[in-house]
Amino acid sequence: MTRRPARLLLLPLLLLALIAPACGSLVPRDSRAEAPLTPLEPTADQTLAPTAAPVTEDAGGYARAFYRAWEAGEYLGMYSLLAPSSQALVDSAAFVQRYADAMNTAAVAAVHIQPLAQLQDGDAAEFSVRVTLASAVVGDIVRDHTMKLAYEGGRWGVVWDEGLILPELAGGNRLALELRVPSRGNIYDRDGKALAYQGTAYELGVVPGLIADEPGLLAALSKALGLTPDDIKAKYATALPDWYVPVGVVSEETLQANALALEPFLEKGLSTPDRRPSRLYSESDSAAHVIGYIGPIPPEQVDAYKARGYRGDELVGLAGLEAWGEEYLNGERGGILSVVDPAGNVVDVLQDREPEAARSLYTSIDLDFQAAVEQALAEAIATRPGATYGAIVALDPNNGAVRAMATYPSYHPQAFDPLRSDSAQAVGALLNDPGQPLLNRATQGAYPSGSTFKLITYAAALNSGLYTADSRYSSTGAWSRLGDAYTKYDWLSGGHGTISLRQAIVVSCNTCFYDVGYTLDGVDNTLFPRIAKAFGLGQPTGIQGVAESAGLIPDPEWKLAEVGEGWATGDAVNMAIGQGYVQVTPLQMANVVAAIANGGMLYRPTLVDRISAVGDGPEEKPPVEVNGQLPLTAEQLGVLQGALFDVTHAGSGTATHRFQNFAVPVAGKTGTAEAPPGQPHAWFVGYAPAQPFTAPDGRAVEGPELAIAVVLEHAGEGSEAAAPLFRRVVEAYYGIEPTPFPWQ
């Protein structure tokens, strides 16, 4: 439970201010006129006997303030309301510690108070209340208390003893919790193949008083744990002879490797190794950025976890699905909450609750496909001149499910496992690696999109009402409507001749789309950004389980606020071919082509296929969610789909030569994004199959099953580097023999 800091000076004053309205009011004065009173002087032989004033102040106000402070975790405020006679018996530090220990041991997340009755007689009072301690481990602990109050030193105060925490704690008793922790749930691919699962590790511990050969034992433990003998000895240096002291944890494999060296010391100082769970991963070590990793609870989160029933020393999900699914993967802790007397004997059991089994996550990932995509990406980057990093996302266009998500470079989640003797060094190496292997480039990498953005420019042109798919443009290879000093050139020297807007997609005519951007901006400089955002760009997709970048779609308001300059027509011209300030993620672009493939539905991508059942309950399957609809009619989408098919099949298509003799009909768009000072980033986005076909396994496939985005940083032209990798991804999905990369 999160505790509020004590307010040593202000809190008692505030509490008294709260009490004041509840205290007894003054006796009403008689409204009739009063005769003046003549003071009487006592005679020499007269003695006035003192008369105690009746106590009219309400004791209940103090009692309620005491319990409100408990609900708020303000233990010092509670202490300020004790009667002076009680404060003389217990100091504030001991009082606060007593409550904190009891609440922490019982894993109390909240305290609820229900007043029942009040009795006040002179300078003594009683206040009955029902206290509910909501424990995250053993459930609600409900007790009825009768608090005694005394009027001392001009105020009411609580007559306190430990029984006011729980009646069973009177007389110096303490609480003890035997925690029952369910095994952590597993993470599977969609077919039940394990991506991350529980294995076995062992805790090594010593009993100092039984150590016979300390140098020999320390040497054996040092080799097994990867610690120096001095570091190990320091762990038990202050322990009593009969104490058991854990000195480290090793994996099952490490224990087996060191078994012969450790065996002579068993029961001669070394206790029998204590078996405990450990996190293990698939043989291919795939999907690290999707799975994430576990590690010790961050110090700033320990109190929050303890309020949920954790001890505070557990390993929890810190990234990826391990973090997102902690609530499911952790299960529900149970335990036995006992009362222990000052001699250490259990005298009562307050609560006994069984743990609830953890739930496993079934991802939408296909493990074999994921491993093949990762391998293809790594091979492309290792062999393609200039290529440095990259990412691939493959979605099911019919529901947004992620079938593969790869990023290069990657990492191994076990680097974060504190059971590893070299964990600190491994994590340090990851954090200092200039390649940023912890960065999920598939969702966090923000890139200029290059010519893949022409899909959005095309849609903006049709939405403007100024263009149709058949609108004509004469391409000469150069474009200078911004002025001769700002002449821009096409990738094809001499241009493409007179072409339609649809054909401009097929041949990827830069000057045609420069002209569209220029014209649209002159009519409405917000139209272009609005259409881009309607395609899901410039905002998170909403995928759960992994961190993602929103990317950037600039508009006049953004530029003025962030750059301090007004919008220029040149900004729209650059945006028209995915340059300038434009930034997109591979996931966003995969989602764009998925929506084009499925008829215009922009789904929210998902990594979680289902969550396993617990007890007699059903499996939980997250619903398919829709982020929006593309701003194109069915007819317009059909024309665009045809243009993307021609990109990979027509004689003039920019990627036709990469898909010759390919059994799977695909559609897509190339992109080459300037990224100085290095070579351009290579893009290819598309979907498969683009027409009905029979898969190699004999299955008839009627519609698109994959929507894919590929980006290779500094790898050159999209048609030369990214399109062959796209083909390799499709081959992996359908079990087709991989085609060698053209540069190999």
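Right above here is the structure, for reference.
Residues numbered from 1 in each chain as written. Predicted model: local features only at pLDDT ≥ 70, side-chain atom pairs only at ≥ 80, totals over all residues. Heavy atoms only, no water.

Enquirer: Would you take a moment to explain the overall build of the protein for this structure?
Expert: Scanning the protein from N- to C-terminus turns up 25 helices and 28 strands. At 36 Å, the protein has a C-alpha radius of gyration far larger than the 27 Å of a compact globule built from 744 residues. In terms of principal-axis extent, the alpha carbons of the protein reach across some 130 × 90 × 50 Å. Expressed as a percentage of its 744 residues, the buried residues of the protein come to 51%. When contacts within the protein are restricted to residue pairs at least 6 apart in sequence, long-range pairs at least 24 apart make up 69% of them. In the structure as shown, the protein presents an accessible area of about 33,400 Å², 52% of it carried by carbon and sulfur atoms. Averaging the coordinates of the 50 positive side-chain charges in the protein and doing the same for the 84 negative ones gives two points 3 Å apart. (Helix = DSSP H or I, 4+ residues; strand = E, 2+ residues; numbered from the N terminus. Rg over C-alpha atoms; globule rule 2.2 N^0.38 Å. Buried < 20%, exposed > 50% of the residue type's maximum accessible area, 1.4 Å probe, protein only. Contact = heavy atoms within 4.5 Å. Areas by Shrake-Rupley, 256 points an atom, 1.4 Å probe, with all protein chains shown as cover. Lys, Arg positive; Asp, Glu negative; His and termini not counted. Charge placed at Lys NZ, Arg CZ, Asp CG, Glu CD.)

Enquirer: What exactly am I supposed to notice about helix α6 (residues 214-225) here?
Expert: Spacing of three or four residues puts side chains on the same side of an α-helix, whose turn is 3.6 residues. Relative to the 16 Å expected for 12 residues at 1.5 Å per residue, α6 spans 16 Å between its end C-alpha atoms, a close match to the ideal helical length. Those residues of α6 not exposed but buried are Leu 217, Leu 218, Ala 220, Leu 221, Ser 222, Ala 224 and Leu 225. The elements touched by buried residues of α6 are β7 (194-206), α7 (229-236), β8 (245-251), α8 (252-257) and α9 (259-262). Between a side-chain oxygen at the N-terminus of α6 and the backbone nitrogen of Gly 216 the separation is 3.1 Å; the capping residue is Asp 213. Phi for Gly 226, located one or two positions after α6, is positive at around 75°. (Expected span 1.5 Å × (residues − 1). Polar contact = N/O pair within 3.5 Å; in protein donor to acceptor, adjacent residues only side chain to side chain.)

Enquirer: What exactly am I supposed to notice about the sheet that holds strand β13 (residues 346-353) here?
Expert: The strand order across the open sheet built from three strands is β5-β12-β13, with neighbouring strands paired in antiparallel fashion. This sheet does not close on itself; its edge strands, each paired only once, are β5 (174-180) and β13. Ignoring strand direction, the axes of neighbouring strands in this sheet form an average angle of 20°. Sheet topology note: the strand β12 (residues 334-340)/β13 ladder contains six bridges and is antiparallel. By the bridge assignment for β13, Val 339 is matched with Asp 348. In this fold helix α5 (residues 92-105) packs onto β5 and β12, with an angle of close to 25° to the strand it touches most, β5. (Pairing = 2+ DSSP bridges. Axes fitted to C-alpha atoms, helices over the stretch in contact; angles between N-to-C directions.)

Enquirer: It is not clear to me how the environment of Leu 560 should be interpreted in this structure. Could you clarify?
Expert: Position of Leu 560 relative to the elements: it lies in helix α21 (residues 556-562). A C-alpha to C-alpha distance of 31 Å links Leu 560 and Arg 604, two positions 44 residues apart in sequence. Leave out the neighbours within four places in its chain, and Leu 560 touches Glu 565 and Gly 566.

Enquirer: I keep staring at the nonpolar core and nothing clicks. Help me out?
Expert: Nonpolar side chains tend to gather and get buried jointly when the protein is soluble and globular. Leu 455 and Ile 456 are the most contacted members of the largest nonpolar core, which totals 127 residues. Broken down by element, the residue count for this core peaks at nine residues, all from helix α23 (residues 586-598). Apart from the residues lying within four places of it in its own chain, the contact partners of Ile 456 are Phe 528, Ile 531, Ala 532, Phe 535, Leu 537 and Val 592. Core analysis: the second largest hydrophobic core is formed by 45 residues, Tyr 75, Met 78, Tyr 79 and Val 90 among them. (Core = buried A, V, L, I, M, F, W, Y, C linked by side-chain atoms within 4.5 Å.)

Enquirer: Got a minute to help me understand the environment of Ser 449 in this structure?
Expert: Locating Ser 449 in the fold gives a position in the loop between α16 (441-444) and α17 (454-464). For Ser 449, a relative accessible area of 0% puts it in the buried group. Along the sequence, Ser 449 and Thr 670 sit 221 residues apart, while their C-alpha atoms lie 10.0 Å from each other. Apart from residues lying up to four places away in sequence, Ser 449 is in contact with Gly 578, Val 582, Val 584, Ala 673 and Trp 683.

Enquirer: Just to check I follow, could you spell out the sheet that holds strand β24 (residues 667-673) for this structure?
Expert: Neighbouring strands of a sheet are bound in pairs by backbone hydrogen bonds; such pairs are parallel or else antiparallel. Taking strand neighbours across the sheet as the criterion, the five strands line up as β16-β15-β28-β25-β24 in an open arrangement whose pairing is antiparallel. Edge strands, defined here as strands with exactly one partner in the open sheet, are β16 (402-408) and β24. Each strand axis lies, on average, 5° off the axis of its neighbour in the sheet, ignoring direction. Pairing between strand β15 (residues 390-395) and strand β28 (residues 706-712): six bridges, direction antiparallel. Bridged to Gly 390 within β28 is Leu 712. On the sheet, helix α14 (residues 367-383) packs against β15, β16 and β28 and is oriented at approximately 30° with respect to β16. Contacts between helix α25 (residues 718-734) and the sheet are confined to β15, β24, β25 (681-688) and β28, with β25 contributing the most and set at about 35° to the helix.

Enquirer: Just to check I follow, could you spell out the packing of aromatic side chains for this structure?
Expert: For any two aromatic rings, the description comes down to two numbers: the centre-to-centre distance and the angle of the planes. For the structure shown, the criterion picks out 29 aromatic pairs. Residues Tyr 99 and Trp 160 carry aromatic rings whose centres are separated by 6.2 Å and whose planes lie at 40° to one another, so their mutual orientation is tilted. In this pair, Tyr 99 sits in helix α5 while Trp 160 sits in the loop between β4 (155-159) and β5, placing the two residues 61 residues apart along the sequence. The pair Tyr 99 / Trp 160 is uniform in exposure class, with both members buried. Seen in terms of ring centroids, Trp 479 and Tyr 518 are 5.8 Å apart; in terms of plane orientation they differ by 75°. Their pairing is edge-to-face. Taken together, the residues Trp 479 in strand β18 (residues 478-479) and Tyr 518 in helix α19 (residues 510-523) connect sequence positions 39 residues apart. Taking the relative accessible area as the measure of exposure, Trp 479 reaches 4% and is therefore buried. Here Tyr 518 falls in the partly exposed class, since its relative accessible area comes to 24%. Among the aromatic side chains, those forming a connected cluster through ring pairs are Phe 66, Tyr 67, Trp 70, Tyr 75, Tyr 79, Phe 95, Tyr 99, Phe 127 and Trp 160. In this structure, Arg 333 is placed above the aromatic ring of Tyr 310, and the distance from its NZ or CZ to the ring centre is 4.0 Å. (Phe/Tyr/Trp six-rings, centres within 6.5 Å; stacked < 30°, edge-to-face > 60°. Lys NZ or Arg CZ within 6 Å of the ring centre and 35° of its normal.)

Enquirer: I tried to follow α23 on my own but got confused; where do I start?
Expert: Between the first and last C-alpha of α23 there are 18 Å, a value that for 13 residues agrees with the 18 Å anticipated at 1.5 Å per step. Among the 13 residues of α23, 12 are classified as buried, and the element is accordingly described as predominantly covered. Following α23 by one or two positions, Gly 599 adopts a phi angle in the positive range, close to 105°.

Enquirer: Which parts of the structure should I look at to understand the side chain of Glu 326?
Expert: Inspection of the secondary structure puts Glu 326 in helix α13 (residues 326-329). Assessed through its relative accessible area of 4%, Glu 326 is described here as buried. Polar side-chain contacts of Glu 326 include one of 2.7 Å to the side chain of Tyr 310.

Enquirer: Help me out: how do you make sense of the pattern of salt bridges in this one?
Expert: Side chains that differ in charge, positive against negative, can pair when their charged atoms come close. A full pass over the atoms with the stated rule returns 34 salt bridges. Measuring nitrogen to oxygen at the nearest pair gives 2.9 Å for the salt bridge that ties Glu 326 to Arg 184. Taken together, the residues Glu 326 in helix α13 and Arg 184 in the loop between β5 and β6 (187-188) connect sequence positions 142 residues apart. Each of Arg 184, Arg 279, Glu 322 and Glu 326 takes part in salt bridges that share partners, so that together they form one network. (Salt bridge = Lys/Arg side-chain N within 4 Å of Asp/Glu carboxyl O.)

Enquirer: Quick question: what am I supposed to make of the pairing of β12 here?
Expert: A regular strand carries its side chains on alternate faces of the sheet. With seven of seven residues buried, β12 lies mostly within the body of the structure. Side-chain alternation along β12 places Gly 334, Ile 336, Ser 338 and Val 340 on one buried face and Gly 335, Leu 337 and Val 339 on a second face that is also buried. Sheet topology places β5 next to β12; seven bridges connect them, and they run antiparallel. Bridging from a neighbouring strand, Glu 178 pairs with Ile 336 of β12. From the end of β12 to the start of β13, which pair antiparallel, there are five residues, and Gly 344 there has a positive phi angle of about 90°.

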